[in-house]
Every structure is written in C-alpha cells, then in structure tokens.
Amino acid sequence: MSRQKQAEQMRGGKGFIAALDQSGGSTPKALKLYGHKDGDWSDDAGMYGLIHAMRARIATSPAFDGKRVVGAILFEKTMDAEIGGKPAAAYLWEERGVVPFLKIDKGLEEEKNGVKLMKPIGGLDDLLKRAVAKGIFGTKERSVIDAANPKGIAAVVAQQFELGDRVLAHGLMPILEPEVTISIPDKAEAEEMLKEEILKHLDKLPAGKEVMLKLTLPTKPNTYKALVDHPKVMRVVALSGGYSRDEANKVLALNKGIIASFSRALTEGLSAQQSDAEFNKALDGAIQSIYDASVAG
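Residues numbered from 1 in each chain as written. Predicted model: local features only at pLDDT ≥ 70, side-chain atom pairs only at ≥ 80, totals over all residues. Heavy atoms only, no water.

Bringing the overall build of the chain into the picture now. Broken down by element type, the chain carries 12 helices and 11 strands. At 18 Å, the chain has a C-alpha radius of gyration in line with the 19 Å of a compact globule built from 297 residues. A burial count over the chain gives 54% of its 297 residues as buried. Look at the contacts in the chain between residues 6 or more apart in sequence, and 73% of them connect residues 24 or more apart. (Helix = DSSP H or I, 4+ residues; strand = E, 2+ residues; numbered from the N terminus. Rg over C-alpha atoms; globule rule 2.2 N^0.38 Å. Buried < 20%, exposed > 50% of the residue type's maximum accessible area, 1.4 Å probe, protein only. Contact = heavy atoms within 4.5 Å.)

Bringing the side chain of Lys103 into the picture now. Secondary-structure assignment places Lys103 in strand S5 (residues 99-103). Using a relative accessible area of 11% as the deciding quantity, one classes Lys103 as buried. At 2.8 Å, the side chain of Lys103 and the side chain of Asp105 are in polar contact. Not counting chain neighbours up to four residues away, the residues in contact with Lys103 comprise Asp21, Ser23, Ile73, Leu74 and Lys140. (Polar contact = N/O pair within 3.5 Å; in protein donor to acceptor, adjacent residues only side chain to side chain.)

Moving on, we get to helix H10 (residues 245-252). Those residues of H10 that fall on the buried side of the exposure criterion are Arg245, Ala248, Asn249 and Leu252. The buried side chains of H10 occupy one side of the element, clustering within an arc of 100 degrees when seen end-on. For H10, exposure combined with an orientation more than 90 degrees from the buried face picks out Asp246 and Lys250. On the buried face of H10, the contacting elements are strand S10 (233-239), strand S11 (258-262), helix H11 (264-267) and helix H12 (276-295). (Arc of directions from axis to C-beta.)

With that settled, the discussion passes to the layout of surface pockets. For the largest pocket, the calculated volume is near 910 Å³. If you go around the largest pocket, you meet 34 residues; those closest to its centre are Gln22, Ser26, Arg142, Ser263 and Arg264. Among the secondary structure elements, those contributing two or more residues to the lining of the largest pocket are helix H2 (26-33), strand S7 (138-145), strand S8 (173-180), S11 and H11. Among the elements that line the lining of the largest pocket, the one with the most residues is H2, at 4 residues. (1 Å grid on protein atoms, 1.4 Å probe; cavity = no way out; pocket = protein on both sides within 12 Å on 5 of 7 lines; lining within 4 Å. Points joined across faces, edges and corners; volume = space filled by probe spheres on them.)

Let us now look at the packing of aromatic side chains. Applying the stated criterion across every chain, the model contains 2 aromatic pairs. Between Phe101 and Phe137, the ring centres sit 5.6 Å apart and the planes meet at 85 degrees, which makes this aromatic pair edge-to-face. Here Phe101, found in strand S5, pairs with Phe137, found in the loop between helix H6 (124-133) and S7; they are 36 residues apart in sequence, far enough to count as distant. One exposure class covers both Phe101 and Phe137, and it is buried. One Lys or Arg, Arg57, reaches over the ring of Phe279 and ends 4.1 Å from the middle of that ring. Positioned above the aromatic ring of Tyr48 is the side chain of Lys77, whose terminal nitrogen or guanidinium carbon lies 5.2 Å from the ring centre. (Phe/Tyr/Trp six-rings, centres within 6.5 Å; stacked < 30°, edge-to-face > 60°. Lys NZ or Arg CZ within 6 Å of the ring centre and 35° of its normal.)

Take the pairing of S7 next. Most of S7 sits out of view: 7 of its 8 residues are buried. The sheet contact formed by S5 and S7 spans 3 bridges and is parallel. Residue Leu102 lies in a different strand from S7, and its bridge partner there is Thr139. Two strands pair when backbone bridges link them, and strand S6 (residues 115-116) and S7 are joined in this way by 2 bridges, in the antiparallel orientation. Opposite Val115, over in S7, you have Ile145 as the bridge partner. Sheet topology places S7 next to S8; 8 bridges connect them, and they run parallel. Across the sheet, Lys140 pairs through a bridge with Ile175, a residue of S8. In this fold, the crossover linking S7 to S8 by way of helix H7 (residues 150-169) has right-handed handedness. (Pairing = 2+ DSSP bridges. Right-handed = clockwise from strand over helix to strand, strands pointing away.)

Moving on: the packing of H2 against helix H3 (residues 44-59). The geometry of H2 relative to H3 is characterised by a closest axis approach of 10 Å and an angle of 55 degrees between their N-to-C directions. Classified by the angle their axes make, H2 and H3 are oblique. With respect to the hand of their crossing, H2 and H3 are arranged in left-handed fashion. The residues of H3 that touch H2, namely those facing Thr27, Pro28, Ala30 and Leu31, are Met47, Tyr48, Leu50 and Ile51. Across the contact of H2 with H3, the residue classes tally to 7 nonpolar, 1 polar and no charged. (Axes fitted to C-alpha atoms, helices over the stretch in contact; angles between N-to-C directions. Parallel < 35°, antiparallel > 145°, perpendicular 65-115°, else oblique. Left-handed = near helix turned anticlockwise from the far one by under 90°. Nonpolar A, V, L, I, M, F, W, Y, C, P; charged D, E, K, R; others polar.)

Position of Arg235 among the secondary structure elements: in strand S10. Glu210 provides the closest opposite charge to the buried, salt-bridge-free Arg235, at an N-O distance of 10 Å. Within the structure, Arg235 has its side chain in polar contact with the backbone oxygen of Met10 (distance 2.9 Å). Once residues within four sequence positions are removed from consideration, Arg235 is found in contact with Gln9, Met10, Arg11, Gly12, Gly13, Val211, Met212, Leu213 and Ile259. (Lys, Arg positive; Asp, Glu negative; His and termini not counted. Salt bridge = Lys/Arg side-chain N within 4 Å of Asp/Glu carboxyl O.)

Given below as structure tokens:
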C-alpha cells in the first residue's frame with residue numbers, strides 16, 4: 001500500500017520535490033552558501049557530517065512536510081544515515097509524508113559532441129537492491145547538454161533511458177535528468193531537440209511502464225507540454241539550474257503541469273548560524289514560494 005500511495009502522491013500531489021542530494025564537488029559550495037567556512041571541516045567525513053546535519057535540519061523542520069513537499073531526493077550517504085532517529089527514507093515517508101528518491105549517478109564524463117554523459121555506475125544493481133530494502137521509491141540520474149548537437153543529445157537520451165530500464169527492473173521509478181545548461185546560446189534549440197528525442201524513447205517504452213523527467217526550465221514556456229501530457233510520464237519536474245529562487249519560480253509558474261525539484265534555490269537564504277526560529281521561518285517562506293510556483297500551472 002505504501003508504494004501505491006507514494007505513486008499516487010507523485011502522480012497527482014500538489015507541491016514540489018526537494019533536491020537534497022548535493023555530492024562530491026557540489027558539497028563544499030553548498031556548505032559555504034549555508035554559512036560554513038573551509039576550516040569548518042578537515043576531511044570528507046567532516047564535510048559529509050556537516051551536509052547531513054543541514055539536510056536533517058531541513059527534513060525535521062515543521063515547515064517540511066508532504067502538504068507542500070511531495071518528494072525529496074537523497075544522496076547515498078543520506079539514505080544510509082538516520083534522520084530523527086530513523087533511517088532517512090523511513091523518516092521522510094512515515095513522519096513527514098514525503099516520498100524518498102535516491103541520486104544514483106556518479107558524475108560526468110568529459111564533454112563530447114556538446115554533451116557530458118554519465119560515468120559508469122559501479123555496483124548499480126546492488127545499490128538499487130539496497131534502495132528498495134530501505135524504502136526508496138525512485139532514483140535520479142543526471143547528465144548535461146551544453147550545445148544543440150543532435151548526435152550528442154541523442155546519446156544523452158539513449159543513455160538516460162537505458163539506465164531507466166535498469167531502475168524499472170528493480171521496481172523503482174527513474175527520474176531521468178538530461179540537464180540543459182542555462183547559459184548556452186542555443187538553449188531553445190537544444191530543448192526542442194531534447195523533447196523530440198525523449199518522445200521517441202517514450203513511445204518505445206513497454207505498456208504499463210512510466211518514467212519521470214527532470215528538465216531545465218525551458219526558454220520558451222510550455223516547450224515540454226507534450227511530455228507533461230504523455231501517458232508514460234508520471235511527472236515532469238524542473239531544476240533551478242543556477243537561476244535565483246525568485247527567477248526560477250517566475251519561469252516555473254509559466255509552465256503548465258511542471259513542478260519544481262530545486263536544490264540550491266530551495267536552500268537559498270538558509271544559514272547554519274540562524275536560530276531554529278529564524279531557520280524555520282526562512283525555510284517556510286522558501287517552501288511556500290516554490291509551492292506556489294509549482295501549483296500555478
């Protein structure tokens with residue numbers, strides 16, 4: 001029943017997905033934006049301890065629950081840790097009503113044909129089995145598009161769906177994330193190519209199979225409407241991609257049927273130095289603004 005309820009929430013629930021999955025090179029930047037300095041940690045264990053504390057503070061805040069936050073994407077170390085005295089995924093669902101996802105990609109290859117494919121994911125099947133055992137509902141996997149290059153974009157989409165098939169085989173819901181870099185001059189053209197490639201692969205999915213999509217906010221509003229409406233897409237969510245929260249919310253609100261899956265834009269304005277009252281108030285304001293933009297369409 002739990003997975004059925006989670007699927008219903010992801011398919012039609014009002015709200016957005018919190019991306020709490022900073023990892024590797026993005027962790028120091030996230031900690032600095034949160035008010036930490038380089039000297040606050042001396043090794044990876046210390047760094048990951050601080051980022052877990054930040055995520056746990058968000059997840060245990062009264063502002064963070066399934067009424068506005070329908071899902072959350074976790075880093076592997078977060079999945080293996082506890083929040084509020086429970087395994088992280090169990091805490092999110094049982095105490096907060098938030099559907100847990102797991103980031104599974106392990107970084108990007110060097111650019112080729114205007115894109116960065118995902119690196120091979122060692123031990124993937126074991127990781128997916130562990131995720132199922134820990135109560136994870138789905139996964140998230142990111143690659144990057146840096147140019148409107150048909151060959152490169154076709155390769156990104158093919159890799160995303162190939163990985164998605166492996167995730168589906170374990171009974172998990174894949175969030176495919178072919179991110180288009182917001183600063184490229186041919187962004188709108190890349191987005192049109194991406195949409196057409198995704199549609200080709202969606203039409204080949206077996207009956208009864210669905211995926212989710214996490215896409216950069218498009219230059220032209222409702223570029224992805226055909227994906228939002230596709231019967232084999234459970235939900236389309238948007239990444240903030242470097243936009244400020246206000247800007248990301250403004251663009252998101254123009255795109256019907258797409259909800260947010262923000263990371264940096266969610267934590268913007270939060271600080272380790274804030275009192276719990278200050279922190280909860282700032283987080284509540286951030287969540288409400290992203291929720292409003294997500295339900296605007």
